[in-house]
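Working through the structure, step by step
One-letter residues, chain by chain:
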Amino acid sequence: MTEIIFDASYPGGRDPPDLGGFEHKDGEWRLRLDGYERFIQDVTGVAVDDNISPRELKTIQSRIEGCVATYKRSGGCMCDEFESYEHVDSLETVQELSRFFRVLVATRIEDSLPT
């Protein structure tokens with residue numbers, strides 16, 4: 001399987017997410033998706049690959065955020081089956097993953113806008 005890494009240029013303003021496989025340096029955020037791919041596909045229905053579209057990234061972001069909101073409202077959600085996933089072991093991890101995708105979506109959409 002090909003290693004998939006998502007990166008975003010992010011000059012600052014937020015603390016970087018606390019995720020395994022996450023790196024940040026000089027305004028660049030990078031996340032190795034090893035260990036998150038199955039969780040993302042199970043929760044969002046989107047398969048992660050190197051050719052993912054901005055629309056699919058937005059879908060991932062929205063569905064992970066929706067899962068967190070559902071969990072907070074009802075105390076349970078499909079995203080809380082933490083024993084099933086390698087790197088996703090708590091709601092805090094899901095929230096941090098959501099934060100990463102929020103920044104990734106914002107930078108990818110901004111980068112793809114016509115000038």
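Reference entry: report on the structure contained in this document. Note that this is a predicted model, so its numbers are computed, not measured. (Residues numbered from 1 in each chain as written. Predicted model: local features only at pLDDT ≥ 70, side-chain atom pairs only at ≥ 80, totals over all residues. Heavy atoms only, no water.)

**Quick notes on the overall build of the protein**
For the protein, the helix and strand inventory stands at three helices and three strands. Secondary structure of the protein in N-to-C order comes out as β-β-β-α-α-α. In the protein, which comprises 115 residues, the share counted as buried stands at 39%. The contacts of the protein with a sequence gap of at least 6 include a subset with a gap of at least 24, amounting to 58%. Only carbon and sulfur atoms are counted for the fraction: they give 44% of the accessible area of the protein, which is about 6,700 Å². (Helix = DSSP H or I, 4+ residues; strand = E, 2+ residues; numbered from the N terminus. Buried < 20%, exposed > 50% of the residue type's maximum accessible area, 1.4 Å probe, protein only. Contact = heavy atoms within 4.5 Å. Areas by Shrake-Rupley, 256 points an atom, 1.4 Å probe, with all protein chains shown as cover.)

**Regarding the nonpolar core**
Of all hydrophobic cores here, the largest spans 32 residues; its most connected members are Phe6, Phe39, Ile40, Val94, Leu97, Phe100 and Phe101. Every element with two or more residues in this core is listed here: strand S1 (5-9), strand S3 (28-32), helix H1 (37-44), helix H2 (54-74) and helix H3 (91-112). At eight residues, H3 tops the list of elements feeding residues into this core. Apart from residues lying up to four places away in sequence, Phe100 is in contact with Phe6, Pro17, Leu19, Phe22, Trp29 and Leu31. (Core = buried A, V, L, I, M, F, W, Y, C linked by side-chain atoms within 4.5 Å.)

**Regarding the packing of aromatic side chains**
As enumerated under the stated definition, the model contains four aromatic pairs in all. Ring centres of Phe22 and Trp29 lie 5.5 Å apart, and the angle between their planes is 85°; this geometry places the pair in the edge-to-face category. Of the two residues, Phe22 and Trp29, neither departs from the other in class, the shared state being buried. With 6.1 Å between their ring centres and 80° between their planes, Phe22 and Phe100 make a pair best called edge-to-face. (Phe/Tyr/Trp six-rings, centres within 6.5 Å; stacked < 30°, edge-to-face > 60°.)

**Notes on the packing of H1 against H2**
At a minimum axis separation of 9 Å, H1 and H2 run at an interaxial angle of 80°. In terms of axis orientation, H1 runs roughly perpendicular to H2. Note on element contacts: H2 touches H1 through Thr59, Ile60, Arg63, Ile64 and Cys67, opposite Ile40, Val43 and Thr44. Each residue belonging to the contact of H1 with H2 can be placed in one class, and the counts come to five nonpolar, two polar and one charged. (Axes fitted to C-alpha atoms, helices over the stretch in contact; angles between N-to-C directions. Parallel < 35°, antiparallel > 145°, perpendicular 65-115°, else oblique. Nonpolar A, V, L, I, M, F, W, Y, C, P; charged D, E, K, R; others polar.)

**Concerning the pattern of salt bridges**
Under the definition given, this model contains three salt bridges. With a closest N to O distance of 3.6 Å, Arg38 and Asp42 form a salt bridge. Taken together, the positions of Arg38 and Asp42, both in helix H1 and four residues apart, correspond to about one turn of that helix. (Salt bridge = Lys/Arg side-chain N within 4 Å of Asp/Glu carboxyl O.)

**Looking at the pairing of S3**
Only one face of S3 is covered, namely the one carrying Trp29 and Leu31; the face carrying Glu28, Arg30 and Arg32 has none of its residues buried. Where strand S2 (residues 22-25) and S3 come together, four bridges link them in antiparallel fashion. Each residue of the ladder has a partner; that of His24, found in S3, is Trp29. Hairpin connection between S2 and S3: a loop of two residues separates the two successive antiparallel strands, and Asp26 in this loop has a positive phi of roughly 50°. (Pairing = 2+ DSSP bridges.)

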